[in-house]
Amino acid sequence: MKTNPGRFFEDYRLGEVIRHAVPRTVGAGERALYHALYPARGAVSSSDEFARSVGLAASPLDDLVAFHTVFGKTVPDISLNAVANLGYAEGRWLRPVWPGDTLRSESEVIGLKETSSGTTGVVWVRTRGLNQRGEAVLEYVRWVLVRKRRREVEVPVHVPDLAPVVAPAALVVPEGLDFSRHDFGLAGEPHRWGDYAVGEVIDHVDAVTVEEAEHMLATRLWQNTAKVHFDVTQREDGRRLIYGGHLISLARSLSFNGLANAHFIAGLNAGAHVNPCFAGDTVRAWSEVLDRAETAVPSVGALRLRLVATRGAAGELRGADGKYLPEVLLDLDYWALLPR
């Protein structure tokens, strides 16, 4: 058999390191397509001249271009037979990705647990994205619900102990970054790190209706081959599931209105794809400021933000029973870097 049917839950081994196939060289085309697919307007990732004004050699690609590219490499080995991607933790962006960089991915299996149904199991992996020099550009943990091939096969259980928050001291500020000459007028908003208060909720106002063609184009762009995003026979309802990363980028881009100066994602503390998203859904976004932290660079501050993508209203997350509301699609907890 020469084709790859994808791994099932019982095919994973704790401690196994998987080198994912097909390195990818990313360029200005990724930037243009990213900005065509999402309402992305961040000044640092849009303009070489603006990027140089804050100490960088040129404009890096959007942080989520790196995430999607690294993530996409892992799909044939990790989530080709996934029912759903469940969550993220311990994510750190370690260095910018520049046009011309070549990215590859590797993952270590750090956890396994069968579900009570006996037909699926949860697989935890720690993934690293590496550039052409072997330097890590990104690392994160994610866990995936994967189908079993045979119900009777038992797999040893190990649930990893994951940090609830990336420590501010572990956040990496891009080399050379200096916001002391940051042009707030060109960036689009006047708000500095100190203008945000813990507990503040920001309604990002705008909304985007998800289109079938756009989400499939985006998923193909990142070479994500998960069947549930393309094949209507993979779900009983006959619908294509929107790739969770597509929703992350959509919400992050919508957050520009209110967080225009949050130029970099530095850490990913937690994330959950709460309810499925489908074409035709109209997505809105809101953010809550969870924490603030200084960095080693005096002109750069870190904000811990909860980013929520929803079909509902800003600020509404859980019902009286403590469960997520059915309108909520994404709950993402991350660190962003802003000028102080």
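The coordinates are above.
So, a few notes on the structure that sits alongside this text. (Residues numbered from 1 in each chain as written. Predicted model: local features only at pLDDT ≥ 70, side-chain atom pairs only at ≥ 80, totals over all residues. Heavy atoms only, no water.)

**Here we look at the nonpolar core**
So the rule is basically this: For this analysis, a nonpolar core means a set of buried residues of the types Ala, Val, Leu, Ile, Met, Phe, Trp, Tyr and Cys, connected via side-chain atoms within 4.5 Å. For every residue, the accessible area obtained with a 1.4 Å probe (protein chains only) is divided by the maximum for its type, and the residue is called buried under 20%, exposed over 50%, and partly exposed between those limits. The numbering of helices and of strands both runs from the N terminus, where a helix is a DSSP run of H or I of at least 4 residues and a strand a run of E of at least 2. Whether two residues are in contact is decided by their heavy atoms: any pair within 4.5 Å suffices.
By size, the foremost hydrophobic cluster in this structure holds 56 residues, and its most contacted members are Phe67, Trp222, Leu259, Val283, Leu303, Leu332 and Tyr334. Ranked by residues supplied to this core, first place goes to helix α3 (residues 63-78) with seven residues. With residues up to four places along the chain from it excluded, the contact list for Trp222 reads Arg24, Glu30, Tyr34, Tyr38, Val65, His68, Thr69, Gly72 and Tyr243. Core analysis: the second largest hydrophobic core is formed by 19 residues, Val44, Val166, Phe264 and Ala266 among them.

**Section: the pairing of strand β9 (residues 282-294)**
As a reminder, the rule being used: Only strands joined by at least two bridges in the DSSP assignment are considered to pair.
In this structure, strand β7 (residues 201-209) lies alongside β9, joined through six bridges in antiparallel fashion. Bridge pairing in β9 places Thr209 opposite Thr282. From the end of β9 to the start of strand β10 (residues 300-310), which pair antiparallel, there are five residues.

**As for the environment of Tyr38**
When you line up the elements, Tyr38 lands in the loop between α1 (28-37) and α2 (48-53). Look at Tyr38 and you get buried, because its relative accessible area is 3%. Separated by 194 residues in sequence, Tyr38 and Val232 have C-alpha atoms that sit 24 Å apart. Leave out the neighbours within four places in its chain, and Tyr38 touches Ala218, Trp222, His246, Ser249, Leu250 and Ser253.

**Description of unusual backbone geometry**
With phi around 65 degrees, Val22 is a residue other than glycine that occupies positive phi space. Inspection of the secondary structure assignment puts Val22 in the loop between β1 (17-19) and β2 (24-25). Its identity as a non-glycine residue notwithstanding, Val205 has a phi of 75 degrees, on the positive side. Tracing the backbone shows Val205 in strand β7. Val205 gets classed as exposed once you look at its relative accessible area, which sits at 56%.

So yeah, pure geometry; function would need other evidence.
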